[in-house]
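Structural overview
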Amino acid sequence: LGVEPEQVLISNKLGWKRVPLTTPEPTFEPGAWVNLKNDAVQAISYDGIMECYRQGNALLGKYEARIVSVHDPDEYLGAAADEADLEARRADVLGAYRALAELKAAGKVQSIGVGAKDISVVGFVSDHVQLDW
């Protein structure tokens, strides 16, 4: 880019990590991609978000994401098989936000938000997490 890292502010939605493609086409949004060499798997949890953050920054090279969110926690929660699975997934989402809060407390990110289409999930997250946006 020819721009110094301190002059760039990057936002990254975390929760999907890049993995090698092991099928004829990606399993992430099948039919939407052509000639990809990688797939993506959902990783919404404390450890998953930390891994996504590290992987995303590694892919950015000398740049780092400073504005972060969990990508589509509503879809993750919506995939629950039953009430017990839903509770486990809610704990995963809160763990993901605990990871983001730790990154913010350590000065690695500036702000934390939520990207969801279901307002009830935005409410759930904001009831448990201090969001910046």
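Presented here is a report on the structure given in the accompanying data block. (Residues numbered from 1 in each chain as written. Predicted model: local features only at pLDDT ≥ 70, side-chain atom pairs only at ≥ 80, totals over all residues. Heavy atoms only, no water.)

**Structural notes on unusual backbone geometry**
As a reminder of what qualifies: Here a helix means four or more residues in a row that DSSP labels H or I, a strand means two or more in a row labelled E, and each is numbered from the N terminus. When a residue's accessible area, from a 1.4 Å probe over protein chains only, is under 20% of the maximum for its type it is buried; when over 50% it is exposed; and in between it is partly exposed.
One non-glycine residue, asparagine 35, lies in positive phi territory at about 60°. One can find asparagine 35 in the loop between β2 (16-20) and β3 (38-42). In this model, aspartate 72 sits at a positive phi of 55°, which is unusual for a non-glycine residue. Relative to the assigned elements, aspartate 72 resides in the loop between β4 (65-71) and α2 (73-78). Overall, the relative accessible area of 11% leaves aspartate 72 in the buried class.

**Regarding the side chain of aspartate 72**
Note the threshold: Distance and chemistry together define a polar contact, namely a pair of N or O atoms within 3.5 Å, with one atom able to donate a hydrogen and the other to accept it when in protein, and with adjacent residues in sequence counting only for side-chain atoms on both sides. We call two residues contacting when some pair of their heavy atoms lies within 4.5 Å.
In terms of polar contacts, aspartate 72 uses its side chain to reach the side chain of histidine 71, at 3.1 Å. Once residues lying within four places of it in the same chain are set aside, the contact partners of aspartate 72 are Gln42, Ile44, Gly115 and Lys117.

**A short note on the nonpolar core**
The condition is simple: Among buried residues, the Ala, Val, Leu, Ile, Met, Phe, Trp, Tyr and Cys ones that are joined through side-chain atoms within 4.5 Å form a nonpolar core.
By size, the foremost hydrophobic cluster in this structure holds 29 residues, and its most contacted members are Val68, Val93, Tyr97, Leu100 and Val125. Going through the elements one at a time, β1 (10-14), α1 (46-60), β4, α2, α3 (83-105), β5 (111-115) and α4 (119-128) are the ones with two or more residues in this core. Counting residues per element, this core draws most heavily on α3, which supplies seven residues. Those residues in contact with tyrosine 97 that lie beyond four places of it in its chain are Val70, Ile112, Gly113, Val114, Val125, Val129 and Leu131.

**Here we look at the packing of α1 against α3**
Note the cut-off: In this analysis, axes come from line fits to C-alpha atoms, helices being fitted only over the stretch in contact, and the angle between any two N-to-C directions falls in the range 0 to 180 degrees. Our angle categories are set so that under 35 degrees counts as roughly parallel, over 145 as roughly antiparallel, 65 to 115 as roughly perpendicular, and the remainder as oblique. Note on convention: the crossing is left-handed when the near helix lies turned anticlockwise from the far helix by less than a right angle, right-handed when the turn is clockwise. Basically, the charged four are Asp, Glu, Lys and Arg, the nonpolar ten are Ala, Val, Leu, Ile, Met, Phe, Trp, Tyr, Cys and Pro, and anything else, Gly included, counts as polar.
Axis separation between α1 and α3 bottoms out at 7 Å; the angle between their running directions is 45°. By the angle class used here, α1 and α3 are oblique. Crossing of α1 over α3 shows right-handed handedness. Only Asp92, Gly95, Ala96, Arg98, Ala99, Leu100, Glu102 and Leu103 of α3 make contact with α1, whose side of the interface consists of Tyr46, Ile49, Met50 and Tyr53. Per-class residue counts for the contact of α1 with α3 are eight nonpolar, one polar and three charged.

**Side note on the environment of alanine 106**
Structurally, alanine 106 is set in the loop between α3 and β5. Of the residues examined, alanine 106 reaches a relative accessible area of 53% and is grouped as exposed. Here the alpha-carbon distance between alanine 106 and tyrosine 63, two residues 43 residues apart in the chain, equals 17 Å.

**Topic: the packing of aromatic side chains**
Which entries qualify depends on this criterion: Stacked, edge-to-face and tilted labels apply to pairs of Phe, Tyr and Trp rings (six-membered ring for Trp) whose centres lie within 6.5 Å, assigned for plane angles under 30 degrees, over 60, and everything in between, in that order. Criterion for a charge above a ring: Arg CZ or Lys NZ at most 6 Å from the ring centre, at most 35 degrees from the ring normal.
A complete count under the given rule lists two aromatic pairs for this structure. Aromatic pair phenylalanine 28 and tryptophan 33: ring centres 6.4 Å apart, planes at 20°, arrangement stacked. An aromatic cluster is defined as three or more aromatic residues linked by ring pairs; in this entry it consists of Trp16, Phe28 and Trp33. Cation over ring: arginine 89 sits above tyrosine 76, and NZ or CZ is 4.5 Å from the ring centre. The ring centre of phenylalanine 124 lies 5.9 Å from the NZ or CZ of arginine 90, which sits over that ring.

**Here's the deal with the sheet that holds β5**
Test applied: The pairing criterion is simple: DSSP has to find at least two bridges between the two strands.
Pairing within the open sheet is parallel, and its three strands lie in the order β1-β4-β5. The open sheet terminates on both sides in strands that have one partner only, identified here as β1 and β5. Across the sheet, the axes of successive neighbouring strands diverge by a mean angle of 25°, strand direction being ignored. Of the strand pairs in this sheet, β1 and β4 are connected by five bridges, and their pairing is parallel. Paired with serine 11 across the bridge in β4 is isoleucine 67.

These results come straight from atomic positions and should not be treated as a statement about function.
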